[in-house]
Amino acid sequence: MNATRIVLPALTILAIAATVAFTQTPAATGTKDPIARGRYLVTAMGCNDCHTPWTMTAQGPAPDMTRMLSGHPADAKLPDPPAGSEAWPVSVNTTNTAWSGPWGISYTANLTPSKAHGLGAWTADEFLAALRTGRHQGRGRQILPPMPWPMISQLTDDDLRAVFAFLQSIPAIDNHVPEPTPPQGR
Ligand code: HEC
C-alpha cells in the first residue's frame, strides 16, 4: 500500500476531529451542550462560594467540593450569631453557608438533585420562575439575602435552563438545610 493513501484519510479524520473539538470547546459561547454551559456559568458566577460548605485546607479556606452545592450542612452546630450593629449588620459562619443580618438567619439551599432536600423535584420552569421573581419555586416565600437572585435573573432563559441542567446532572446529596430563622428583637 502506498503511503499517501494512508496519510490522506488520516489527515482528513484529524481535520474533522479538530473541527468537532473546536466547535464543542467554548462552552461559554455555544448552547449546544447545556450541561457544559451550565457548569461554566455556575463556576463563573460563584454559586459554590455560598452553596458549597467551605473547609480549611493547606492553602486556606476553600469550598469542599465533595459536598458540592449541597447547601448549609444540616449537622453544623452553630452558636448564636453576634448581634449586628448599624455599622456591621451582617455575619457569616465559617462554612460560608449561614448568614445573619436584619432578615434573621438564612441558610444556603441544597442545589443538588436530591428529591427530598434539593432541586430534584423542581421543574426547569419552577427554577426559572424562582430566579426571576425571588420566590421559592416562583410562588412560595421570598428568597432572602444574600442570595443574589436580582443579578442571576439577568441571564437569558437558555442560560438559566443550562444552569438548571447542570445542577440536575451533579451528584445528589441528601442534606436537609434548615428553614431560615426569623429576626429576633430587631
Ligand atoms: C452570596 C451568597 C450566594 C450566592 C453567590 C448564590 N446564592 Fe443561592 N442562595 C443563597 C442563600 C443564603 C439562599 C437561601 C435563601 C433563603 O432561604 O431564603 C439561596 C437560595 C437559592 C435558591 C432558592 C432555593 C429555594 O429553595 O427556594 C436557588 C435556586 C439558588 N440559591 C441558586 C443559586 C445559583 C444557581 C447561584 C449561582 C448562579 C447562587 N444561588 C448563588 C446564597 C447565595
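Residues numbered from 1 in each chain as written. Predicted model: local features only at pLDDT ≥ 70, side-chain atom pairs only at ≥ 80, totals over all residues.

> Explain the packing of helix 4 (residues 124–133) against helix 6 (residues 157–169) residue by residue, including any values.
Relative orientation of the contacting elements helix 4 and helix 6 amounts to 115 degrees, with a least axis distance of 10 Å. Both helix 4 and helix 6 take part in a crossing whose hand is right-handed. Within the contact between the two elements, helix 4 uses A124, F127, L128 and L131 and helix 6 uses D157, L160, R161 and F164. Across the contact of helix 4 with helix 6, the residue classes break down as six nonpolar, no polar and two charged. (Axes fitted to C-alpha atoms, helices over the stretch in contact; angles between N-to-C directions. Helix = DSSP H or I, 4+ residues; strand = E, 2+ residues; numbered from the N terminus. Left-handed = near helix turned anticlockwise from the far one by under 90°. Contact = placed C-beta atoms within 7 Å. Nonpolar A, V, L, I, M, F, W, Y, C, P; charged D, E, K, R; others polar.)

> Explain the sheet that holds strand 4 (residues 98–101) residue by residue, including any values.
Spatially, the three strands line up as an open sheet ordered 3-4-5, and their pairing is antiparallel. Strands at the two margins of the open sheet, each flanked by one partner only, are strand 3 (91–92) and strand 5 (104–107). (Pairing = 2+ DSSP bridges.)

> Talk me through the confidence of the model for the chain; I want residue IDs and the actual numbers.
Scored by pLDDT, the chain has a mean of 88; 82% of the residues are at 70 or more. The low-confidence segment residues 6–27, where pLDDT is below 50, has eight contacts with residues more than four positions distant or belonging to other chains. (pLDDT = per-residue confidence, 0-100.)

> Tell me about the environment of R135, and please be specific about residues and values.
Position of R135 among the secondary structure elements: in the loop between helix 4 and helix 5 (149–152). Here R135 falls in the partly exposed class, since 15 other C-beta atoms lie within 10 Å of it. Between the C-alpha atoms of R135 and W149, which are 14 residues apart in sequence, the distance is 9.4 Å. Setting aside its immediate chain neighbours within four residues, R135 contacts A130, G140, R141, Q142 and I143. (Buried ≥ 20, exposed ≤ 12 C-beta atoms within 10 Å, placed from the backbone.)

> Explain the nonpolar core to me, and be specific about the residues and the numbers.
Among the nonpolar cores identified, the biggest contains 21 residues, and L111, F127, V163 and L167 are the most heavily contacted of them. When contributions to this core are tallied by element, the ones reaching two or more residues are strand 4, strand 5, helix 4 and helix 6. Looking at this core, the element that brings in the most residues is helix 6, giving six residues. (Core = buried A, V, L, I, M, F, W, Y, C linked by C-beta atoms within 7 Å.)

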